[in-house]
Amino acid sequence: PESALAATSVVVMAACSVVVSVLRLVQGDISRDVYLCWSAALWIVVLGAPIGSLMLTPSREALCRRVFYVVALAQFVIFAVLQVRGNALAWTWIAVSAHLVLVVVLLHRRCCSGSKDDLANPSGPRPAAR
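Residues numbered from 1 in each chain as written. Predicted model: local features only at pLDDT ≥ 70, side-chain atom pairs only at ≥ 80, totals over all residues. Heavy atoms only, no water.

It is worth spelling out the overall build of the protein at this point. Regarding its fold elements, the protein presents five helices and zero strands. Moving toward the C terminus, one meets the helices and strands of the protein in the order α-α-α-α-α. Buried residues in the protein amount to 2% of all 130 residues. (Helix = DSSP H or I, 4+ residues; strand = E, 2+ residues; numbered from the N terminus. Buried < 20%, exposed > 50% of the residue type's maximum accessible area, 1.4 Å probe, protein only.)

Structure representation (structure tokens):
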């Protein structure tokens, strides 16, 4: 299920972070800004991961997914406004990419929007009960 995948992805990300941190420490090229960014994000990881694991129950999964989509969209818009600003070429690429992603998502939803009963019974829909 998705909850097992979420736990696995957290473990993989943690392992990658530890390996990269050790490599950067061995190389000795960690700047002060990296330490400041790390300390700014630390409380989100330390508090957010346990709270998130308590909140992510099957009944709240759809709500959490929607909240994630809204936060991701807000983050993208804020980044684009602050960083891209008046670069017309960049805005064109963003618009084309966003539309392409939207078309793919809508096509996927349209093609794969069968119910769980349809997926469990590949022979076709069940006859209506009378």
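This paragraph deals with helix H3 (residues 61-84). In a regular helix each residue adds 1.5 Å, so 24 residues correspond to 34 Å; H3 covers 33 Å between its end C-alpha atoms and thus fits that length. Positive backbone phi, approximately 50 degrees, marks Arg-85, located one or two places after H3. (Expected span 1.5 Å × (residues − 1).)

Per-residue pLDDT for the protein has a mean of 81; in total, 85% of the residues score no lower than 70. Model confidence for the protein, summarised as mean pLDDT per element, is weakest for helix H5 (residues 116-120) at 52 and strongest for helix H4 (residues 88-111) at 92. (pLDDT = per-residue confidence, 0-100.)

The end-to-end C-alpha distance of helix H2 (residues 32-55) is 34 Å, a good match for the 34 Å that 24 residues give at a rise of 1.5 Å each. The largest bend in H2 comes to about 35 degrees, at Gly-48, with the proline Pro-50 one to four residues further on. (Bend = angle between axes of the 7 residues up to and from the residue.)

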